[in-house]
Amino acid sequence: MSQSLGESAVTALALAVGRGDRSAADPFVRSTQRDVWRFLVYLVGHADAEDLTQETFVRALGNAHLFTGRHHARAWLLTIARHVAADHFRAAAGRPRIVSDQDWQATADRSGAHHLPGLEDTVALNLAVRTLPTARRHAFVLTQVVGLGYAEAAELCGCPVGTIRSRVARARRDLVSLLALAPPRRPAVSR
């Protein structure tokens with residue numbers, strides 16, 4: 001379970017890890033793990049997000065001595081996660097895809113979480129987010145899913161705050177259009 005710490009506390013932990021304080025590593029990872037995982041889910045999907053989250057922390061902890069604290073540690077960490085995802089896609093481009101024969105729809109229907117938004121809604125939204133142009137997708141996920149402020153997202157993406165705002169607005173518009181075209185959802189089967 002992850003703890004929620006403020007940006008200055010997370011940055012202080014990252015700086016302590018960089019100075020060799022091993023006791024700061026655990027709270028640093030726990031306070032940022034969920035954000036990194038959620039960000040990676042939107043970039044690469046659930047199947048690979050856990051492994052890539054681990055890879056992100058391996059890289060971050062191995063290079064913590066290079067972190068200077070000029071920017072928030074969470075933004076630094078999400079930049080590493082973005083690079084890990086890019087490396088993952090580059091490596092995957094050369095490998096054949098394996099198709100799962102598991103009946104995921106039947107498994108999801110048996111899970112019984114019918115009080116939550118439907119599986120089709122979640123899948124449709126995730127697929128719609130993945131169709132967004134990369135810059136819009138990054139801005140949308142960082143601000144609307146991970147919960148970063150516009151200034152932090154701008155810093156992470158290397159662009160002005162106004163650009164992030166317009167990318168998020170355009171991403172929302174695109175998502176509304178895409179989801180409006182989706183076929184109507186089937187009613188959930190009560191069990």
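The structure this text deals with has already been given above.
Because the structure is a prediction, the values reported are computed rather than measured.

Account for the pattern of salt bridges, with residues named and values stated.
Going through the model one piece at a time under the given rule, you end up with nine salt bridges. With a shortest N-O distance of 2.7 Å, Asp35 and Arg74 are connected by a salt bridge. Taken together, the residues span a long stretch of sequence, with Asp35 in helix α2 (residues 25–44) and Arg74 in helix α4 (residues 73–92) at a distance of 39 residues. For Asp35, a relative accessible area of 14% translates into the label buried. The class for Arg74 is buried, based on a relative accessible area of 7%. The salt bridge involving Asp174 is made with Arg136; its shortest N-O contact spans 2.5 Å. One end of the pair, Asp174, is in helix α9 (residues 161–181); the other, Arg136, is in helix α7 (residues 134–145), with 38 residues separating them in the sequence. Asp174 sits in the buried class, given a relative accessible area of 17%.

How would you explain the nonpolar core if you had to name every residue and give the values?
Among the nonpolar cores identified, the biggest contains 49 residues, and Phe28, Phe39, Leu40 and Leu78 are the most heavily contacted of them. Among the elements of the structure, α1 (7–18), α2, α3 (46–62), α4, α6 (119–131), α7, α8 (150–157) and α9 are those that each provide at least two residues to this core. What Phe28 contacts, discounting residues up to four positions off in sequence, is Val10, Leu13, Ala14, Val17, Phe57, Leu61, Ala73, Trp76 and Leu77.

Tell me about α2, and please be specific about residues and values.
Of all the bends in α2, the greatest measures close to 45° and is centred on Thr32. Where α2 ends, the next residue or the one after it, Gly45, has phi of about 100°, a positive value.

Please set out the packing of aromatic side chains residue by residue, giving values where relevant.
The full count for this structure, using the stated rule, is two aromatic pairs. Considering the side-chain rings of Phe28 and Phe57, the 6.4 Å spacing of their centres and the 80° angle between planes classify their relative orientation as edge-to-face. On the criterion of sequence distance, the pair formed by Phe28 in helix α2 and Phe57 in helix α3 is long-range, its members being 29 residues apart. The class for Phe28 is buried, based on a relative accessible area of 2%. Note on Phe57: relative accessible area 7%, which makes it buried. Aromatic side chains Phe67 and Trp76 sit 4.8 Å apart centroid to centroid with 35° between the ring planes, which places their arrangement in the tilted category. As far as the burial class goes, Phe67 and Trp76 line up, both buried.

Account for a nonpolar patch on the surface, naming residues and giving values.
Taken together, the side chains of Leu125, Leu178 and Leu179 make up a nonpolar region of the molecular surface, amounting to roughly 210 Å² of accessible area. With respect to the element layout, Leu178 can be found in helix α9.

Rules used in this analysis
Position numbers for residues start from 1 in each chain and track the written sequence from start to end. Where local features are concerned, this predicted model is filtered to residues with pLDDT of at least 70; where side-chain atom pairs are given and counted, the filter is 80 or more; whole-chain, interface and lining totals use all residues. Hydrogens are left out, water is left out, and the side-chain values use all remaining heavy atoms of the structure. The working definition used for a salt bridge is a side-chain nitrogen of Lys or Arg within 4 Å of a carboxyl oxygen of Asp or Glu. Labels follow the DSSP assignment, with helices taken as runs of H or I lasting at least four residues and strands as runs of E lasting at least two, numbered in each case from the N terminus. Only protein chains enter the accessibility calculation, which uses a 1.4 Å probe. A residue is then buried if its area is under 20% of the maximum for its type, exposed if over 50%, and partly exposed in between. What makes a nonpolar core is a set of buried Ala, Val, Leu, Ile, Met, Phe, Trp, Tyr and Cys residues whose side-chain atoms join them at distances within 4.5 Å. Note on definitions: a residue-residue contact is assigned when non-hydrogen atoms from the two residues lie within 4.5 Å. Here the bend at each residue means the angle between axes fitted to two seven-residue stretches, the one ending at that residue and the one beginning there. By convention, a stacked pair of Phe, Tyr or Trp rings (six-membered ring in the case of Trp) has centres within 6.5 Å and planes under 30 degrees apart, an edge-to-face pair has planes over 60 apart, and any other such pair is tilted. Patch criteria: residues need more than 30% relative accessible area and no salt bridge. Like-charged residues are merged within 9 Å; nonpolar side chains of Val, Leu, Ile, Met, Phe, Trp and Tyr are merged within 5 Å. Residue exposure ignores everything except the shown protein chains as possible cover, and the areas themselves are Shrake-Rupley values with a 1.4 Å probe.

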